[in-house]
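Each chain, written out:
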Amino acid sequence: MASANGRKSIFVTGAASGIGRATAEHFAQQGWFCGLFDVDAAGLKQTADTIGADNCVTGVFDVRDRNGWADAITQFAGATNGDMDVLFNNAGVGRHGWFEDIPAEDSDWIVDVNVKGVINGVYASLPLLKKSNGRIINVASAAGLYGAPRLAVYSATKFAVRGLTEALDVEFESIGVSCVSLMPFFIDTPILNMPTGDGSNHALSDTIKAQNSDVYPVSDAAEQAWEAAHGKDLHYTVGKRAAQTRFWARFMPKNVRKQLLKSLPSRA
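These numbers come from a predicted model, not from an experiment.

### Here we look at the sheet that holds strand 5 (residues 135-139)
- If you trace the seven strands from one edge of the open sheet to the other, you get 3-2-1-4-5-6-7, paired in parallel fashion. Taken across any chain shown, the strands that pair with only one partner, and hence form the sheet edges, are strand 3 (56-60) and strand 7 (235-238). Each strand of the sheet is rotated relative to its neighbour by a mean of 15°, with strand direction disregarded.
- Pairing of strand 6 (residues 178-184) with strand 7 involves four bridges; the strand directions are parallel. In the sheet register, Pro184 faces strand 7, and the bridge partner there is Val238.
- Relative to the sheet, helix 3 (residues 66-80) contacts strand 1 (9-13), strand 2 (33-38), strand 3 and strand 4 (86-89), its axis offset from that of strand 1 by approximately 155°.
- The strands that helix 4 (residues 104-132) touches are strand 4 and strand 5; relative to strand 4, the one it contacts most, it runs at about 175°.

Here's what the structure looks like:
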């Protein structure tokens, strides 16, 4: 098995694609050792092939599974001498559409992955993070700054991640562990292909195109993840529109609501 050999280390969930893959590749380029974990074995292999076998360990598990977390942490700790400098709590899922069109079972799945999966990661990783005075980076979203219509449950989970991050950063200060969040706007990743809940062939990406909304390259998220691992801020936005949303949500929430109402398609 590959070994960190004294290098700094990062444990990445959702490493098979998107922000997780780009972040792992960015950290590996900076000399870090990476733990790559996802439910997608084929995608993980592609990420690992890019990074190189000597620079990573990989494992397939579902972040909802606490036993899976325990096994993954044991594997990672074996390669890093029990150290973890960064937990990149990134795995996430979503559904797009009117609230009532999304099956309750899908909403359960979104909450379980996006919230419970993040919480599971903190529980499982905390002993290693305490040993290393490490940092947790929870991937939230600009949808956690102001409620996003037609992404209601997804948005709610990202508010939860934001709140968890703020609470844990205070709570863990006394044990030497910091906690920050990454808040991307729309990033060019597979999650933009999330289907609607009504059984149609439409995806979130179709709505984004129709609205001429900004979509940022995944490299922007990876670069901000690097900043989040080293900086002194609590929240790190990705993309100009995310920063604007943060400002508007704080100082002009009524204007945000008006703009969102204008952007909604007809229910008919």
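Okay, back to it.
### A closer look at the packing of aromatic side chains
- Scanning the entire structure with this criterion turns up 11 aromatic pairs.
- By the ring-pair criterion, three or more aromatic residues cluster together here, those being Phe11, Phe37, Phe61, Trp69 and Phe76.
- The ring of Trp98 has Arg150 lying over it, and the distance from NZ or CZ to the ring centre is 4.9 Å.
- Seen from the ring of Trp98, Arg267 lies directly overhead, with NZ or CZ sitting 4.0 Å from the centre.

### What to know about the environment of Cys34
- Examined against the element boundaries, Cys34 turns out to sit in strand 2.
- By relative accessible area, which is 0% here, Cys34 ends up buried.
- The spacing of Cys34 and Phe159 is 125 residues in sequence and 28 Å in space, taken between C-alpha atoms.
- In this view, Cys34 contacts Ile10, Ala24, Phe27, Ala28, Ile51, Asn55, Cys56, Val57 and Phe76; residues no more than four positions away in its chain are not counted.

### Observations regarding a nonpolar patch on the surface
- Judged by side-chain polarity, Phe247, Trp248, Phe251 and Met252 come together as a nonpolar surface patch covering roughly 390 Å² of accessible area.
- Inspection of the secondary structure assignment puts Phe247 in helix 8 (residues 240-251).

### With respect to helix 8
- In this model, helix 8 (12 residues) spans 17 Å end to end at C-alpha, consistent with the 16 Å of a helix rising 1.5 Å per residue.
- Considered for burial, the residues of helix 8 that qualify are Ala242, Thr245 and Ala249. All buried residues of helix 8 project into a common sector of 55° when viewed along the axis, lining one side. In helix 8, those exposed residues whose orientation departs by more than 90 degrees from the buried face are Lys240 and Arg250.
- Contacts made by the buried residues of helix 8 are with strand 6, strand 7 and helix 9 (253-263).

### A look at the pairing of strand 1
- Burial runs high along strand 1: five of the five residues are buried.
- Burial along strand 1 is two-sided: the residues Ser9, Phe11 and Thr13 and Ile10 and Val12 are all buried.
- Viewed along the sheet, the connection from strand 1 through helix 1 (residues 18-29) into strand 2 turns out right-handed.
- Pairing geometry for strand 1 and strand 4, over three bridges, is parallel. Its bridge partner being in strand 4, Val12 is matched across the sheet by Phe88.

### Remarks on the side chain of Ser132
- Note that Ser132 resides in helix 4.
- According to the relative accessible area criterion, Ser132 is buried, its value standing at 18%.
- In this view, Ser132 contacts Asp83, Met84 and Asp85; residues no more than four positions away in its chain are not counted.

So, how was this worked out
- Residues numbered from 1 in each chain as written.
- Predicted model: local features only at pLDDT ≥ 70, side-chain atom pairs only at ≥ 80, totals over all residues.
- Heavy atoms only, no water.
- Pairing = 2+ DSSP bridges.
- Helix = DSSP H or I, 4+ residues; strand = E, 2+ residues; numbered from the N terminus.
- Axes fitted to C-alpha atoms, helices over the stretch in contact; angles between N-to-C directions.
- Contact = heavy atoms within 4.5 Å.
- Phe/Tyr/Trp six-rings, centres within 6.5 Å; stacked < 30°, edge-to-face > 60°.
- Lys NZ or Arg CZ within 6 Å of the ring centre and 35° of its normal.
- Buried < 20%, exposed > 50% of the residue type's maximum accessible area, 1.4 Å probe, protein only.
- Patch = residues over 30% accessible without salt bridge, like charges linked within 9 Å, V, L, I, M, F, W, Y side chains within 5 Å.
- Areas by Shrake-Rupley, 256 points an atom, 1.4 Å probe, with all protein chains shown as cover.
- Salt bridge = Lys/Arg side-chain N within 4 Å of Asp/Glu carboxyl O.
- Expected span 1.5 Å × (residues − 1).
- Arc of directions from axis to C-beta.
- Right-handed = clockwise from strand over helix to strand, strands pointing away.

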